[in-house]
Amino acid sequence: MWKDLTILERGRKTHMGKKKDSKICIIIIPHTEKVRRLTIPQWLPKISVISISAILMAAFLIFNNIYSSHISLEKEYNDRIAEINNLEEENRKKETELSKLKSHTKELYEKTNEVEDKLAEIEKLQRQVEKIAGIKSPSRGGRIDDDIPIEALEPTEEIQVLKEVLENKEKELLVFIDDLEKRFEYLETVPDLWPTKGRLTSTFGNRKNPFGRGVRFHYGIDIANSIGTDIWAAGSGKVVFSGYKSGLGRTIIIEHNNEYTTVYGHNSKLLVNEGDNVEKGQVISKMGSTGRSTGSHLHFEIHKNGKPIDPLTILK
Ligand SMILES: [Zn+2]
């Protein structure tokens, strides 16, 4: 609309060295309309430029400040988010670990209980065997110390305790088995097996002399059966005599241990030799009536520590 604009500055007049009404006169000259004239004080443009510059500067500073705070906040926010994610991940891992540990601990407790049950079972069996064998294991025990509740222990400590208990138990059982073997070996040597089948015709002690008058002491028992009936070793041991003795006829004598010796008389046939080792129940001879005998029978004696005893107190 405005075709031309002319700014006229002057109107500055100095009169007698005195500054007077410094003003800027703006004359707007359109093509068609009447010329317009604007008069503004001379300081206005300067102040305006300074003010606008100051405002722009302030705006720039504020914007810059806001922008940089926004950037740093955003960065901080992102960092925090990453941190939270890490923590969550860590937490998940910890939870997984914890649940694994829990299940492991549970398993361990179950195993512990299982082991304790087995130990109790072993103890029970041990007691039964002790009763049967008539011995006592020197160091039965091996239970987990009652003063320490196993639940209070760390899993690794618990394993250690169990390991020690089991090791002790193993040692103890080895000793026990050794004792048992010895005991069974000993029991095998005890001449408590009936040496033959038949009828008990004479017992241990004083009896009427079968070959004459008066009373004679009978140092064993007589078991009668037909000639050729099997005679068994009453216990395991070593044959110390296999031959003929006056009175007893064909005789076998077995030494069983430091305690017992057995004598088998009147045999028809001897099946073992002096020096042979025999098992309990092994056939050693055949029944007969050799020596001073009134008929086919076995004369059987048991000597304990060198003295004849009543076999019926030993035979089972
Ligand atoms: Zn006799």
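Nothing here was measured: the structure is a model prediction, and the numbers come from that model.

Chemist: I'm lost on the overall build of the chain in this one. Help?
Modeler: Scanning the chain for helices and strands turns up 2 helices and 18 strands. Across the 316 residues of the chain, 28% fall into the buried class. Of the contacts formed within the chain by residues at least 6 apart in sequence, a portion of 58% connects residues at least 24 apart. For the chain, the accessible area works out to roughly 22000 Å², and carbon and sulfur atoms hold 56% of it.

Chemist: Explain the coordination of the zinc ion here, please?
Modeler: A metal bound by six donors in octahedral fashion has ideal angles of 90 or 180 degrees, whereas one bound by four tetrahedral donors has an ideal angle of 109.5 degrees. Looking at the metal site, the zinc ion is ligated by H218 (NE2), D222 (OD) and H299 (ND1), spaced 2.0 to 2.3 Å from it. The motif formed by the donor residues of the zinc ion, counted along the single chain, is H-x3-D-x76-H. Within this pair, whereas H218 is found in strand 8 (residues 215-218), its partner H299 is found in strand 17 (residues 297-304), the two being separated by 81 residues in sequence. H299 matches H218 in its accessibility class, with the two residues each being buried.

Chemist: Where do I start with the confidence of the model for the chain in this structure?
Modeler: It should be kept in mind that the predicted coordinates are not to be read in detail where pLDDT is low. In the predicted model, the chain carries a mean pLDDT of 85, and 88% of its residues have values of at least 70. Low confidence marks residues 8-18, where pLDDT is under 50. Its contacts with residues over four positions away, or in another chain, come to 13 contacts.

Chemist: How should I be thinking about the side chain of D192 in this particular structure?
Modeler: Within the fold, D192 resides in the loop between helix 2 (155-189) and strand 6 (199-202). Leave out the neighbours within four places in its chain, and D192 touches A234, K280, I314, L315 and K316.

Chemist: In this structure, what is going on with the pairing of strand 17? I would like to understand it.
Modeler: Every other side chain in a regular strand lies on the same face of the sheet, so the side chains alternate between the two faces. For strand 17, a buried count of 7 out of 8 residues is recorded, marking the element as mostly surrounded by other parts of the structure. In the sheet, strand 9 (residues 221-224) pairs with strand 17 via 4 bridges, with the strands oriented antiparallel. Bridge pairing in strand 17 places I221 opposite F300. The pairing of strand 13 (residues 260-267) with strand 17 spans 6 bridges and is classified as antiparallel. Counterpart to T262 in the pairing with strand 17 is I302. Direction of pairing for strand 17 relative to strand 18 (residues 307-309): antiparallel, over a ladder of 3 bridges. In the sheet register, I302 faces strand 18, and the bridge partner there is I309.

Cut-offs and rules
Residues numbered from 1 in each chain as written. Predicted model: local features only at pLDDT ≥ 70, side-chain atom pairs only at ≥ 80, totals over all residues. Heavy atoms only, no water. Helix = DSSP H or I, 4+ residues; strand = E, 2+ residues; numbered from the N terminus. Buried < 20%, exposed > 50% of the residue type's maximum accessible area, 1.4 Å probe, protein only. Contact = heavy atoms within 4.5 Å. Areas by Shrake-Rupley, 256 points an atom, 1.4 Å probe, with all protein chains shown as cover. Donors = N, O, S within 2.8 Å, 3.2 Å for Na, K, Ca; no water. pLDDT = per-residue confidence, 0-100. Pairing = 2+ DSSP bridges.

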